[in-house]
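Residue-level structure breakdown
What follows is the residue order along each chain.
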Amino acid sequence: KVAKHVIFLVHDNILDLLKDNEYGIEVLSKDTKLESLNFDYHIPSMSVCSALKLNKEGMNVKGGYIKANKKLTEKYKQKFFNTDKLKVGIAIKGNIVGNQKRDIPDDKVKILDKIKDAQLYCFTTDIKDDYLKKAFKKNKVINVAKKFSNFSDTAAAIENVDIIISTDNCILNLAGAMGKKVLGLFNYDYNLRWYELNENSCGYFDSVKPFVNDEYDRWEITLNKVIDIINKKEF
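This text gives an overview of the structure that appears in the document.

Section: the pattern of salt bridges
Counted under the stated rule, the structure contains 10 salt bridges. Note that aspartate 31 and lysine 30 form a salt bridge whose closest N and O atoms lie 3.4 Å from each other. Using a relative accessible area of 49% as the deciding quantity, one classes aspartate 31 as partly exposed. By relative accessible area, lysine 30 is classed as partly exposed at 42%. Note that aspartate 228 and lysine 232 form a salt bridge whose closest N and O atoms lie 3.3 Å from each other. With aspartate 228 and lysine 232 both in helix α9 (residues 219-232) and 4 residues apart, this pair spans about one turn of that helix. Look at aspartate 228 and you get partly exposed, because its relative accessible area is 35%.

If you want it as structure tokens, here you go:
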């Protein structure tokens, strides 16, 4: 509202997704040379809230402002999601070079196998099928993430599930931005950028319900809470 023109430089793996959405701004690759652009000021995206002096209410974007490509969504539906079962996406780890404190340890992942009467989908990249087979004995998990080439694919898959269970990673943020129901899993010392976490709100997205470990790496109670919600379909 304060700018005549906004240029948003983003990573290539999210470029197509944002270009498919209409924001009234110019979206370019982060590799674009700044010298080639005509602008008055530039700012890191995470500093925008501070620069605009937004309060808690101003930072809540609610969700639903990112839309998946309809043709790609239908393609994923026919290939992976054409079932009457409850469709649950799970993201158990973040980027392998990211903050490992957000990840669910391998010996705790198997707790999610207690989910009943649902089709599970793995949204974590770099997870092998053998890993999922060892962790999940009762449920067959479709490793849809291995088909992702960029975030347009990820968004199309997210659009096809009923609910997402995710640790604090890009899947949680994208699903929240799409307005998809998310049960968010946070370690005790979660990232400070989540300025407000309580049992009903994560601050940014209305569709994300956060669950915070009461002790560092004590995932058992948190996981059992979300499993109970899923099994009772109380979401």
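We are not done yet, so read on.
Some remarks on a nonpolar patch on the surface
On the surface, Val2, Leu52 and Leu54 cluster together into a nonpolar patch covering about 290 Å² of accessible area. Note on placement: leucine 52 falls in the loop between α2 (48-51) and α3 (56-59). On the basis of relative accessible area, leucine 52 is assigned to the partly exposed category, the value being 47%.

Quick word on the side chain of serine 201
Tracing the backbone through its elements, the reader meets serine 201 in the loop between β7 (182-186) and β8 (208-212). When residues no more than four places from it in sequence are discounted, the contact partners of serine 201 are Glu196 and Pro210.

Focus on the environment of arginine 218
Secondary-structure assignment places arginine 218 in the loop between β8 and α9. Residues arginine 218 and asparagine 187 lie 31 residues apart in sequence; the distance between their C-alpha atoms is 7.8 Å. Within polar-contact distance, the side chain of arginine 218 engages the side chain of aspartate 214 at 3.2 Å.

A word on the packing of helix α7 (residues 151-160) against helix α8 (residues 170-177)
At a minimum axis separation of 10 Å, α7 and α8 run at an interaxial angle of 65 degrees. The crossing of α7 and α8 is right-handed. Facing Phe151, Thr154, Ala155 and Ile158 of α7, the residues of α8 in contact are Cys170, Ile171, Leu174 and Ala175.

Some details on the nonpolar core
With 39 residues, the main nonpolar core has Tyr76, Phe123 and Val144 as its most contacted residues. The set of elements that each furnish at least two residues to this core consists of α1 (12-20), α4 (70-81), α7, α8 and β7. Apart from the residues lying within four places of it in its own chain, the contact partners of tyrosine 76 are Phe81, Val144, Lys147, Phe148, Asp153, Ala156, Ala157 and Asn160. Counting residues in hydrophobic clusters, the runner-up holds 28 residues, among them Ile163, Val226, Ile227 and Ile230.

Reading the values: the criteria
- Residues numbered from 1 in each chain as written.
- Predicted model: local features only at pLDDT ≥ 70, side-chain atom pairs only at ≥ 80, totals over all residues.
- Heavy atoms only, no water.
- Salt bridge = Lys/Arg side-chain N within 4 Å of Asp/Glu carboxyl O.
- Buried < 20%, exposed > 50% of the residue type's maximum accessible area, 1.4 Å probe, protein only.
- Helix = DSSP H or I, 4+ residues; strand = E, 2+ residues; numbered from the N terminus.
- Patch = residues over 30% accessible without salt bridge, like charges linked within 9 Å, V, L, I, M, F, W, Y side chains within 5 Å.
- Areas by Shrake-Rupley, 256 points an atom, 1.4 Å probe, with all protein chains shown as cover.
- Contact = heavy atoms within 4.5 Å.
- Polar contact = N/O pair within 3.5 Å; in protein donor to acceptor, adjacent residues only side chain to side chain.
- Axes fitted to C-alpha atoms, helices over the stretch in contact; angles between N-to-C directions.
- Left-handed = near helix turned anticlockwise from the far one by under 90°.
- Core = buried A, V, L, I, M, F, W, Y, C linked by side-chain atoms within 4.5 Å.

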